[in-house]
Structures are given as C-alpha cells and as structure tokens.
Amino acid sequence: MLHIINKSPMTSVALESCLNTATGGDILLIEDGVYAATRGSAMEAKVLGATGKFKIHVLLPDLEARGLGDRIIDGVSPVDYAGFVDLAANNKNCQSWL
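Predicted model, so just to flag it, every value in this text is computed and none were measured.

By size, the foremost hydrophobic cluster in this structure holds 23 residues, and its most contacted members are Leu-15, Ile-27 and Leu-29. Those elements giving two or more residues to this core turn out to be helix 1 (14–21), strand 2 (25–29), helix 2 (44–50) and strand 3 (54–59). The element that contributes the greatest number of residues to this core is helix 1, accounting for four residues. Leu-2, Leu-28, Leu-59 and Val-79 belong to the second largest nonpolar core, which has seven residues in total.

Moving on: the environment of Ala-65. As for its placement among the helices and strands, Ala-65 is situated in helix 3 (residues 60–65). Residues Ala-65 and Asp-32, 33 residues apart in the sequence, show an inter-C-alpha distance of 10 Å.

Right, let's get into the pairing of strand 1 (residues 2–5). Along strand 1, one buried face is formed by Leu-2 and Ile-4 and the opposite face, lined by His-3 and Ile-5, is buried too. For strand 1 and strand 2, the ladder comprises four bridges, and the chain directions are parallel. Across the sheet, Ile-4 pairs through a bridge with Leu-28, a residue of strand 2. With four bridges connecting them, strand 1 and strand 5 (residues 94–97) associate as parallel partners.

Moving on, we come to the environment of Gly-40. Inspection of the secondary structure assignment puts Gly-40 in the loop between strand 2 and helix 2. For the pair Gly-40 and Ile-72, spaced 32 residues apart in the sequence, the C-alpha separation amounts to 9.7 Å.

Structurally, the position occupied by Ile-4 is in strand 1. Residues Ile-4 and Lys-46 lie 42 residues apart in sequence; the distance between their C-alpha atoms is 16 Å. Ignoring anything within four residues of it in the chain, the contact list for Ile-4 reads Leu-28, Ile-30, Phe-84, Cys-94, Gln-95, Ser-96 and Trp-97.

The rules behind the values
Residues numbered from 1 in each chain as written. Predicted model: local features only at pLDDT ≥ 70, side-chain atom pairs only at ≥ 80, totals over all residues. Heavy atoms only, no water. Core = buried A, V, L, I, M, F, W, Y, C linked by side-chain atoms within 4.5 Å. Buried < 20%, exposed > 50% of the residue type's maximum accessible area, 1.4 Å probe, protein only. Helix = DSSP H or I, 4+ residues; strand = E, 2+ residues; numbered from the N terminus. Pairing = 2+ DSSP bridges. Contact = heavy atoms within 4.5 Å.

Right, dumping it as structure tokens:
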C-alpha cells in the first residue's frame, strides 16, 4: 500500500498516525509533508526508525520548492513526478492520511 502524507508534522499528526497504525508499505511525503524528511526536523528520529518497516519517499520538487533539497534524511528516497506515478501504479492501494 502507498501511504501519502501531505500535512506538515508540525501542524498535523497524519504521519505519526500512519507510522503507528499502518503495517508496512511505501510512504510518500508530499506538499508540506516533506518537512518530515529533513535532517534536524522534529520527526527525524521517527522517520529513521520507520525505515525498517516502510520504504519512505519524498517528492523532490516539493522539497526543493521549500529550499530543503539538500537536507534529505539518509534512507529517504527522493522521487520526481514520474516516480510518484510509478509508486501509485506499483501499489494495489493508496491511502491519503489527513
């Protein structure tokens, strides 16, 4: 399953809910959700801890639009829009966490 997070971890518990509830799969951080994929963020330790259970991706254009393209946490895979499409196509289901 592809889990899509678009809310900032500073204003929403969407990512934490996903990490605590989902049993595995791919996580894609988009829009303001990309803040969770940055070194030094409040979610860095949780994201690193989740890399054994989930494959975590971040939408690079959204990260770069926020000036954070050089701060990706090790173990988080950057994807472009074509990569987003591939993730959606390669997963049977997609869940957007609100």
